[in-house]
Amino acid sequence: MEMTDMIWYLNESVWMKMKNKRSKKKCIRSSDALFSTVERLKAGLLLLILAVFFQFLARNVNGFAQWYATSIYRILVTIISRVCSVFPFSIVEILLYVLLVVLAAGVMRGIYRICRKTEKASTIALKGSSWVCLLVGGLFFIYTMTCGINYHRTSFAEEAGITDAEYSQEELVQLAEYLTEEVNELADTVPHTKEGIFVLKGNTKKEAVRSMEHLAETYSVLEGYYPNPKPVWISEILSYQHLTGVYSPFTIEANYNADMTDYNIPFTMCHELSHLRGFMSEDEANFIAYLSCIKSESEEFRYSGFLSGWLYVINALYEENTEKYEELCERLNINALKDLQANNSFWDKYDGITAEVADRVNDIYLKANRQIDGVKSYGKVVDLMLGYQRIMQ
């Protein structure tokens, strides 16, 4: 063999070895990608199974949910809420926007790869499904551990010694009259705009925390760390859904609609903060908000609590005694009436299909968590208010 032939042979051998190495690397990378996809699917399914398992325990094992709510959950909520409270903005809102951007970018990237034929559509679909599986599994697991289990704990009514009972129309009228008097007295002392609409002054967030801590002195089940409630930056998202606030189980945050009329805000803040103590039922959260507001040292909070409570009770009275209902409405302070009119005008702007769909989804969600009355459970707060009135007499 001549020298030139030998050199050519060696060069060809080296090139073939390099080509084989590249092929092996490509195979390894493909294997890694496939392994990663499979692992994501496994992890997502595992988290879903664990979430379903804990949901099963909470629904079927007597005492499990109560034990969890008063032990493990209290540790979780303290750690997570303290970390998230460092940030003055709603973390869950920012994460939602980031998630939407990432999902959109992922879809566009997949379409681009399919069009350029750099990757098979089936491979991209499998990868995408694995990420969705991991995301859904992770979110459902977090939701279960920071919210879902608590739906099956001992109710606040039981903790407060308020038992289910039949209440007379007379008791309902007495409660309505009491609330009317309190609202009328406060309506003349709380700050208003030139148009006569109630306006909040001072640090409302800190006052909400103080009000909840003050109520915890009476009901020890409400003891614990309370972070400041956070306004939703783009509150129109909530307004179109007719939502005054939302509790985030993923970041343990109490978020509220900053655009709505001011009289709603203190009551809503305390409502969302009550969820942090593991009381997920909406009627109980409303009742806790009512108590924390009317017992607050702040006149603004007391006004918010009494007016919100008045609205629940007066609507219930309409079904029982129309004549008394009309009498009390006529007796209501003009300033309070203006606040209610401003409130109606605000929400009327957002009537539409979005609000209807959101209401339907919320109804399904509540019923899925054994609040058999669905969105009507918000009105059951009147029963708790009547029970509390009977105890206090």
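Keep in mind that what you see is a predicted model, and the values were worked out from it rather than measured.

Our focus in this paragraph is the pairing of strand β3 (residues 253-256). Every second residue of β3 is oriented toward a common face, with Glu-253 and Asn-255 on one face and Ala-254 and Tyr-256 on the other, all of them buried. Bridging between strand β1 (residues 230-231) and β3 involves 2 bridges; their strand directions are parallel. Each bridged residue has a counterpart across the sheet, and for Pro-231 the counterpart in β3 is Tyr-256. Examined bridge by bridge, strand β2 (residues 245-248) and β3 share 4 bridges and lie antiparallel to one another. Following the sheet pairing, Ser-248 is matched in β3 by Glu-253. Here β2 folds back onto β3 in antiparallel fashion, the turn holding 4 residues, of which Ile-252 has a positive phi close to 55°.

One pass over the full model with this rule turns up 8 salt bridges. Between Arg-153 and Glu-159 there is a salt bridge; the shortest N-O distance is 3.9 Å. Look at Arg-153 and you get buried, because its relative accessible area is 11%. Between Arg-210 and Glu-207 there is a salt bridge, and its shortest N-O distance comes to 2.9 Å. With Arg-210 and Glu-207 both in helix α8 (residues 204-216) and 3 residues apart, the pair spans about one turn of that helix. Overlapping salt bridges, with partners in common, bring together Glu-177, Lys-324, Glu-327 and Arg-331 in one network.

Looking now at helix α16 (residues 381-392). The first and last C-alpha atoms of α16 sit 16 Å apart over 12 residues, in line with the 16 Å expected at 1.5 Å per residue. Of the surrounding secondary structure, the elements contacted by the buried residues of α16 are α6 (156-160), α7 (169-187), α11 (282-294) and α12 (299-320).

In this section: the packing of aromatic side chains. One pass over the structure, following the stated rule, counts 16 aromatic pairs. Look at Phe-54 and Phe-64: their rings are 6.5 Å apart centre to centre, the planes differ by 15°, and that puts the pair in the stacked class. Pair noted here: Phe-54 is in helix α1 (residues 3-60) and Phe-64 is in helix α2 (residues 64-70), with a separation of 10 residues, a long-range link. Relative accessible area serves as the criterion here: at 14%, Phe-64 is assigned to the buried category.

The rules we used
Residues numbered from 1 in each chain as written. Predicted model: local features only at pLDDT ≥ 70, side-chain atom pairs only at ≥ 80, totals over all residues. Heavy atoms only, no water. Buried < 20%, exposed > 50% of the residue type's maximum accessible area, 1.4 Å probe, protein only. Helix = DSSP H or I, 4+ residues; strand = E, 2+ residues; numbered from the N terminus. Pairing = 2+ DSSP bridges. Salt bridge = Lys/Arg side-chain N within 4 Å of Asp/Glu carboxyl O. Expected span 1.5 Å × (residues − 1). Contact = heavy atoms within 4.5 Å. Phe/Tyr/Trp six-rings, centres within 6.5 Å; stacked < 30°, edge-to-face > 60°.

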